[in-house]
Each structure stands twice: as C-alpha cells, then as structure tokens.
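# A closer look at the structure
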Amino acid sequence: MLSSATATAARIDRPMLKRPFKVVAVKFPKFLPRDVERIRDTFALKLAARIERLPVQVSFSEDRIMSSCVTPLMRKETSPVVLLHGFDSSCLEWRYTYPLLEEAGLETWAFDILGWGFSDLEKLPPCDVASKREHFYKFWKSHIKRPVVLVGPSLGAAVAIDIAVNHPEAVESLVLMDASVYSEGTGNLATLPKAAAYAGVYLLKSVPLRLYANFLCFKGISLETKWDWTKIGRLHCLYPWWEDAAVSFMTSGGYNVTSLIKKVSQKTLIVWGEDDQIISNKLAWRLHGELPNASVKQISDCGHLPHVEKPSATAKLITEFVRETLPV
C-alpha cells in the first residue's frame with residue numbers, strides 16, 4: 001500500500017503486488033541528493049534505493065559517464081523492457097509501474113536520459129539530442145546487449161523514436177505513451193542569450209512551477225500528495241550541474257522527430273490517457289496513421305502520465321504487448 005502521503009482519490013490507481021517490492025532496506029545511494037529523505041512516497045523511496053550508476057564510455061567525453069538507472073533483479077529470456085522518462089525528469093516517474101512489470105516477470109530497466117536524472121555530470125558533457133542518443137546506445141551496448149522494448153512517455157517518446165530510427169539493432173519494439181513527438185524542439189528558446197536561458201531553467205526548477213505542473217497533470221489527488229510528487233519530480237534538479245545541462249539542451253534546439261516517424265520500422269503500441277490536458281489524445285490517431293505497424297490503446301479517466309496515474313492499466317498493456325511480440 002502507498003503511504004498516507006500518497007493516498008489519492010479513486011481515479012489514481014495504487015499498485016497491488018503479489019509480493020513486496022523487493023528492496024533490502026530503504027538505504028539510499030550516497031550520490032542521491034539528501035532531499036530524498038524528505039520524500040514520503042513509499043514506492044518512490046523503494047525505487048530510489050535501487051538506483052545505481054553504471055559506467056558508459058562515449059565519444060564526446062574523455063571520462064566514462066557514471067550513468068544512473070534501475071537494473072533488473074534478474075535477466076529473462078524475453079526481450080528486456082527499458083523505461084525512459086519525460087522531459088527533465090528521472091526514472092522515479094516509474095515508481096508505481098516498475099514493480100508491477102517486475103511482478104509480471106519482465107526484465108525491466110529504468111534509464112535516466114543524459115542531462116536529466118541522477119547520473120554524474122560533474123565534468124559536463126554536451127546534452128544535445130545526438131549526445132543523448134549516443135549515451136543511450138553506448139549504455140545499451142555495454143550493459144544490455146539485446147534488442148529491447150523501448151518505452152517512452154511524453155518527450156521520452158521522441159527520444160525513443162530517435163533511437164529506434166538511428167539504432168534499429170537496439171530496439172525490437174516501441175511503446176509510446178501520450179507522445180510529445182510533434183513539437184519543433186525548443187523553438188525560440190534555442191536563441192536566447194545565455195543569461196536569459198539560465199533564468200529560464202532557474203524558473204523550471206522552482207517549487208511553484210513544479211507544483212503547478214502537478215495541478216495540470218493530475219486531478220483528484222490531495223495537495224499533500226501533489227507536494228510530495230513535486231519533491232520527487234525536482235529531486236534531480238538539486239545537483240550543481242543540472243542548470244548547465246538544462247541550458248545545454250535548451251540552446252541545442254531539442255527534439256524534432258516529426259520527419260522520423262514514418263521511418264520507424266518496429267512494431268509500436270501507442271498508449272494515451274483519454275483525459276490528457278497536456279497533449280490531445282486526438283494525436284494518438286495521427287501518430288497511428290503515420291506509423292507503419294502500430295496499434296492504439298486508450299486509458300479512460302487518465303491524464304498525461306498513465307504510468308503515474310494508472311500504473312495497473314499501464315503495466316497490463318505493456319506486459320500484454322511484450323508477450324504478443326514474443327517469437328513463436
């Protein structure tokens with residue numbers, strides 16, 4: 001059960017596990033910001049305790065990047081599921097759905113995209129699209145080494161499409177959730193003077209803006225829960241290099257994958273919350289029409305982040321999709 005701080009109205013699912021979410025103790029890695037101890041959400045705390053850093057050698061940095069992720073408890077014969085996250089977020093987005101996927105018997109990884117999450121970026125590398133893509137690919141090549149089911153929510157869907165088209169050997173199939181794939185990158189923000197860019201990312205980190213984002217994304221949850229989720233959502237912003245990484249991405253132009261969509265060859269599941277107030281669910285059908293091998297599943301009474309609002313339904317859809325795509 002979730003703690004009282006995360007008790008929500010009926011529209012927000014609560015994961016019901018057949019066995020406890022495995023974690024030795026709620027003892028956090030030393031590299032996490034100390035503010036993790038102020039979070040009350042039981043599932044976030046347990047997933048945070050499992051975050052680790054694995055070395056990744058990339059061409060744009062002399063030093064290996066110690067890259068944050070949650071690794072599976074055991075390897076399986078089925079295709080690994082790799083969970084990305086949305087814009088300026090972290091693997092903690094998956095705090096409710098990750099344990100359900102493990103419970104279903106899937107080999108599940110949660111990966112922090114370069115520049116976001118909890119990787120060690122003290123020697124800051126570039127955090128543009130090409131760098132994010134290479135970072136994921138080198139992580140996959142070093143640590144996973146098998147084609148994966150790549151799951152991307154929101155902007156993570158653009159990340160997933162970019163990887164699937166440029167490195168098809170790494171991606172067996174895709175799950176795109178409430179996909180932010182039709183925006184033209186960071187637009188005019190890419191031309192901002194550095195001082196203005198830093199002012200913008202400082203605002204992005206602010207508690208009021210993060211709290212307001214939770215009001216937009218989630219309905220029917222208490223203020224206490226929104227406050228706790230705000231602390232979870234901005235935890236990665238507390239690193240001293242976060243602002244530099246955010247500005248690097250902003251001024252690089254960001255993701256513009258519209259022209260890549262029709263080049264996706266992998267089988268794709270499109271998942272959308274019917275009540276998404278951030279990106280209209282009508283775009284699910286546009287995306288379906290442009291992808292050569294896709295199906296659509298909508299989740300009722302759900303907004304922009306199904307894996308947070310409706311973890312049981314989300315895990316069920318992902319699990320069924322993985323099993324349907326298994327080789328005979």
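Please refer to the structure placed before this passage.
The following paragraphs examine the structure supplied in this document. Residue positions are counted from 1 within each chain, in the order its sequence is given. Under the rules for a predicted model, residues below a pLDDT of 70 receive no local features and side-chain atom pairs below 80 are neither given nor counted, while totals for whole chains, interfaces and linings still include all residues. Values shown for side chains rest on all heavy atoms present in the structure; no hydrogens or waters enter the calculation.

## Notes on the environment of glycine 185
Checked against the element boundaries, glycine 185 lands in the loop between strand S6 (171-177) and helix H5 (194-205). According to the relative accessible area criterion, glycine 185 is partly exposed, its value standing at 23%. With 65 residues separating them along the chain, glycine 185 and methionine 250 place their C-alpha atoms 8.6 Å apart. Numbering goes from the N terminus for both helices and strands, where a helix is a DSSP run of H or I of at least four residues and a strand is a run of E of at least two. For the exposure calls, accessible area comes from a 1.4 Å probe over protein chains only, and a residue counts as buried if that area is under 20% of its type's maximum, exposed if over 50%, partly exposed in between.

## Brief notes about the packing of aromatic side chains
Any two rings among Phe, Tyr and Trp, with Trp reduced to its six-membered ring, count as a pair given centres within 6.5 Å; such a pair is stacked if its planes are under 30 degrees apart, edge-to-face if over 60, and tilted if neither. Applying the stated criterion to the full structure yields twelve aromatic pairs. For the ring pair phenylalanine 43 and tyrosine 96, a centre distance of 5.8 Å and an interplane angle of 65° mean the geometry is edge-to-face. Placement of the pair is phenylalanine 43 in helix H1 (residues 42-49) and tyrosine 96 in the loop between strand S3 (81-83) and helix H2 (97-103), with a sequence separation of 53 residues. Each member of the pair, phenylalanine 43 as well as tyrosine 96, carries the same accessibility label: buried. Their ring planes at 70° and their centres at 6.3 Å tell us that phenylalanine 118 and tyrosine 239 sit as a pair that is edge-to-face. Placement of phenylalanine 118 in the loop between strand S4 (108-111) and helix H3 (129-144) and of tyrosine 239 in the loop between helix H7 (223-233) and helix H8 (242-252) is noted, with a sequence separation of 121 residues between them. Judged by relative accessible area, tyrosine 239 falls into the buried class, the value being 8%.

## Some words on the nonpolar core
We define a nonpolar core as any set of buried Ala, Val, Leu, Ile, Met, Phe, Trp, Tyr and Cys residues linked to one another through side-chain atoms lying within 4.5 Å. Of all hydrophobic cores here, the largest spans 96 residues; its most connected members are Leu150, Val175, Leu176, Val181 and Leu287. Among the elements that line this core, the one with the most residues is helix H4 (residues 155-166), at eight residues. We call two residues in contact when some of their heavy atoms are within 4.5 Å. Setting aside anything within four residues of it in sequence, one finds leucine 176 in contact with Gly152, Ala157, Ala160, Ile161, Thr268, Leu269, Ile270, Val271, Leu287 and Leu291. Counting residues in hydrophobic clusters, the runner-up holds seven residues, among them Ala197, Cys237, Trp242 and Ala246.

## Some points on unusual backbone geometry
The phi angle at aspartate 88 is positive, at roughly 45°, despite the residue not being glycine. For aspartate 88, the location among the structural elements is in the loop between S3 and H2.

## Some details on the pattern of salt bridges
Pairing between side chains of opposite charge can happen when the charged atoms of each approach one another. Basic side-chain nitrogens of Lys or Arg form a salt bridge, by our definition, when they fall within 4 Å of a carboxyl oxygen of Asp or Glu. Applying the stated rule across the entire model yields 13 salt bridges. Glutamate 224 is the partner of arginine 40 in a salt bridge, and the nearest nitrogen-oxygen pair spans 3.0 Å. In this pair, arginine 40 sits in the segment before H1 while glutamate 224 sits in helix H7, placing the two residues 184 residues apart along the sequence. Judged by relative accessible area, which is 45%, arginine 40 ranks as partly exposed. Using a relative accessible area of 41% as the deciding quantity, one classes glutamate 224 as partly exposed. Close ionic contact of arginine 75 with glutamate 107 constitutes a salt bridge, the shortest N to O distance being 4.0 Å. Here glutamate 107 lies in the loop between H2 and S4 and arginine 75 lies in the loop between strand S2 (65-70) and S3, a separation of 32 residues in the sequence.

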